[in-house]
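# Commentary on secondary and tertiary structure
Here is what each chain is made of, one letter per residue.
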Amino acid sequence: MAQPFKVDLVSPEKVLFSGEADMVITRTLEGGEIAFQAGHAPFLGALVENHTRVYLTDGTIQDVAVHRGFVEVSGSPTRVSILSDTAELSQDIDVERARAALERHRLTLKQESEESALADAISGEARAEARLAATGEAHGFTA
């Protein structure tokens, strides 16, 4: 059995989650998915839009849509801190709104040629996909 450690998920507005976990899986910029458990070496990484999973000590999983930010692993005992400009717990995500946003951004990508509009659509698409993945809706969704 994994040793529990402290996890904090913080946005500028509030602490979204604070508790103990056995493992955290998130996605870093140019690094792919990474998992953290107690005793992990100190680490600092930039995060991309992703579906982060916090494996709680009671056996449940707290799913989170993280929209960029940073992850820091420090200390003994181990502490994982996720700092994000915007992050959403799965239970707080409006699935229909995320689906509509994904559809809208994909349509923009097909029809738009202006560079700034394309950049916004790419970013919006990634946020919508992270939201749907965090709610478990990404696997069955087709645009």
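Residue numbers run consecutively from 1 along every chain, following the written order of its sequence. Residues qualify for local features only when their pLDDT is at least 70, as the model is predicted, and side-chain atom pairs are given and counted only at 80 or more; totals for whole chains, interfaces and linings, by contrast, use all residues. Think of the side-chain values as coming from all heavy atoms in the structure, minus any hydrogens and water.

## Examining the overall build of the chain
To keep it simple, the criterion reads: Put simply, DSSP marks the helices as runs of H or I at least four residues long and the strands as runs of E at least two long, and each gets a number from the N terminus on. Based on C-alpha atoms, the radius of gyration is set beside the globule rule, defined as 2.2 Å times the residue count to the power 0.38. Only protein chains enter the area calculation, which uses a 1.4 Å probe; residues under 20% of their type maximum are buried, those over 50% are exposed, and those in between are partly exposed. Every residue pair with non-hydrogen atoms within 4.5 Å of one another is taken to be in contact. A 1.4 Å probe and the Shrake-Rupley method give the accessible areas. Residues count as covered only by the protein chains that appear here. By the counting rule applied here, Lys and Arg register as positive and Asp and Glu as negative, while His and the ends of each chain are not counted. To locate a charge, the coordinates of NZ of Lys, CZ of Arg, CG of Asp or CD of Glu are taken.
A count of helices and strands for the chain gives two helices and nine strands. Its helices and strands taken in sequence order, the chain reads β-β-β-β-β-β-β-β-β-α-α from the N to the C terminus. By the compact-globule yardstick of 15 Å for 143 residues, the chain fits well, its C-alpha radius of gyration being 16 Å. Summarising its shape, the C-alpha atoms of the chain cover approximately 50 × 25 × 25 Å along the three principal directions. In the chain, which comprises 143 residues, the proportion classed as buried is 41%. The contacts in the chain between residues at least 6 apart in sequence include a share of 51% that link residues at least 24 apart. For the chain, the computed accessible surface area is about 8100 Å², with 49% contributed by carbon and sulfur atoms. Side-chain charges of the chain comprise 13 positive and 23 negative groups, with the mean position of each set lying 2 Å from the other.

## Focus on the pattern of salt bridges
Pairs can form between side chains of opposite charge whenever their charged atoms are close. So the rule is basically this: Salt bridge criterion: a side-chain nitrogen from Lys or Arg within 4 Å of a carboxyl oxygen from Asp or Glu.
A complete count under the given rule lists ten salt bridges for this structure. For the salt bridge of Lys6 with Asp8, the shortest nitrogen-to-oxygen distance reads 3.9 Å. Sharing partners across several salt bridges, the network here consists of Lys6, Asp8 and Arg79.

## So, the layout of surface pockets
Rule in force here: Cavities and pockets are defined on a 1 Å grid built over the protein atoms alone: a cavity is a set of grid points where a 1.4 Å probe fits but cannot escape, while a pocket is an open set with protein on both sides within 12 Å along at least five of seven lines, and lining residues are those with an atom within 4 Å of any such point. Grid points are joined across faces, edges and corners, and a volume is the space filled by probe spheres set on the points. Polarity classes work like this: nonpolar for Ala, Val, Leu, Ile, Met, Phe, Trp, Tyr, Cys and Pro, charged for Asp, Glu, Lys and Arg, and polar for all others, with Gly in that last group.
In this structure, the largest pocket spans a volume of roughly 200 Å³. Around the largest pocket, the lining residues are Glu88, Asp92, Ile93, Asp94, Arg97, Ala98, Ala101, Arg104, His105, Gly124, Arg127 and Arg131. Among the secondary structure elements, those contributing two or more residues to the lining of the largest pocket are helix H1 (95–111) and helix H2 (115–135). The leading source of residues in the lining of the largest pocket is H1, at five residues. Among the residues forming the lining of the largest pocket, the class breakdown is three nonpolar, two polar and seven charged.

## Concerning H1
Quick reminder of the rule: To estimate the expected span of a helix, count its residues, drop one, and scale the result by 1.5 Å. In this context, the arc is that of the directions from the helix axis out to the C-beta atoms.
Its 17 residues give H1 an end-to-end C-alpha distance of 24 Å, which sits within 8% of 24 Å, the value for a rise of 1.5 Å per residue. Along H1, the residues classified as buried are Ala98, Ala101, Leu102 and His105. Buried positions in H1, seen along its axis, are confined to an arc of 100° and lie on one side of it. Away from its buried face by more than 90 degrees, H1 exposes Glu96, Lys110 and Gln111. Those residues of H1 that are buried lie in contact with H2.

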